[in-house]
Amino acid sequence: MTSRLAAVAAHPVLRVPPASPEAAVAYFGASLAFHADVSDVAAALAADGDPGFVLLDSRSTESWNQGHVPGAVHLPTALIAEQAHHLLDPAVPVVTYCWGPACNGATRAALALAELGYRVKEMLGGFEYWVREGFAFETWEGRERRDADPLTAPAGSDDCGC
């Protein structure tokens, strides 16, 4: 048994042991309090009625014109402090997005909004994954939609089973 423990300790996955179930519940619960999935945001926006949040695109005007989620509010991060109170109701949660997983613009926007007292979440994957999952988007030329990338969305189904 000692050699098995030594082998486990030598490989990087379990070199640091997993957290206790209690710590995992706290961590993953907190993660879900801060993040929203692209598919979940799309489903909420597509459902009849008020989704219960405002979706905010925190990118530049040039980026917005290149493509954005239909119904999103455009408010670049640099303008949040001076314009958020004109565009957003503090009682309504805000979900921020930026370009994609390699961009932390949505995180910066969420921080700026939280500092002003807004309840916020960040949409994981940003605009990139919105498009890659096959959801409609708008550009300065009109509405577009691309086929879903089978590496990011299930082929032939609206439900990934997550």
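Quick summary incoming for the structure in this document. (Residues numbered from 1 in each chain as written. Predicted model: local features only at pLDDT ≥ 70, side-chain atom pairs only at ≥ 80, totals over all residues. Heavy atoms only, no water.)

## Examining the overall build of the protein
- Each helix and strand in the protein was counted, giving eight helices and seven strands.
- Across the 162 residues of the protein, 32% fall into the buried class.
- The contacts in the protein between residues at least 6 apart in sequence include a share of 61% that link residues at least 24 apart.
- Of the roughly 10200 Å² that the protein leaves accessible, carbon and sulfur atoms contribute 59%.
- Charged side chains of the protein number 10 positive and 20 negative; the gap between the two group centres comes to 8 Å. (Helix = DSSP H or I, 4+ residues; strand = E, 2+ residues; numbered from the N terminus. Buried < 20%, exposed > 50% of the residue type's maximum accessible area, 1.4 Å probe, protein only. Contact = heavy atoms within 4.5 Å. Areas by Shrake-Rupley, 256 points an atom, 1.4 Å probe, with all protein chains shown as cover. Lys, Arg positive; Asp, Glu negative; His and termini not counted. Charge placed at Lys NZ, Arg CZ, Asp CG, Glu CD.)

## Let's talk about the nonpolar core
- Within the largest apolar cluster, 17 residues are counted, with the highest numbers of intra-cluster contacts made by Val-41, Leu-55, Val-69, Val-95, Tyr-97, Met-123 and Trp-130.
- Secondary structure elements with two or more residues in this core: helix H4 (38-46), strand E4 (94-97) and helix H8 (126-132).
- Apart from the residues within four sequence positions on either side, Leu-55 is in contact with Val-41, Leu-45, Val-69, Ala-72, Val-73, Val-95, Tyr-97 and Met-123. (Core = buried A, V, L, I, M, F, W, Y, C linked by side-chain atoms within 4.5 Å.)

## What about the environment of Thr-96?
- Note that Thr-96 resides in strand E4.
- Setting aside residues no more than four positions away along its own chain, Thr-96 makes contact with Leu-56, Ala-106, Ala-109, Ala-110, Leu-113, Lys-121, Glu-122 and Met-123.
- Polar contacts involving the side chain of Thr-96 include one to the main-chain carbonyl oxygen of Ala-106, which spans 2.9 Å. (Polar contact = N/O pair within 3.5 Å; in protein donor to acceptor, adjacent residues only side chain to side chain.)

## Looking at the sheet that holds strand E3 (residues 73-74)
- The strand order across the open sheet formed by five strands is E1-E5-E4-E2-E3, and the pairing between neighbours is parallel. A strand with exactly one partner marks an edge of an open sheet, and here the two such strands are strand E1 (35-37) and E3.
- Contacting E1, strand E2 (54-57), E4 and strand E5 (120-124), H4 crosses the sheet at an angle of about 75° to E1.
- Across the face of the sheet, helix H7 (residues 105-115) comes into contact with E2, E4 and E5 while running at roughly 150° to E4. (Pairing = 2+ DSSP bridges. Axes fitted to C-alpha atoms, helices over the stretch in contact; angles between N-to-C directions.)

## Concerning the pairing of E5
- Pairing of E1 with E5 involves three bridges; the strand directions are parallel. Residue pairing for E5: Asp-37 is matched across the bridge by Leu-124.
- Note: E4 against E5, three bridges, orientation parallel. Each bridged residue has a counterpart across the sheet, and for Val-95 the counterpart in E5 is Lys-121.

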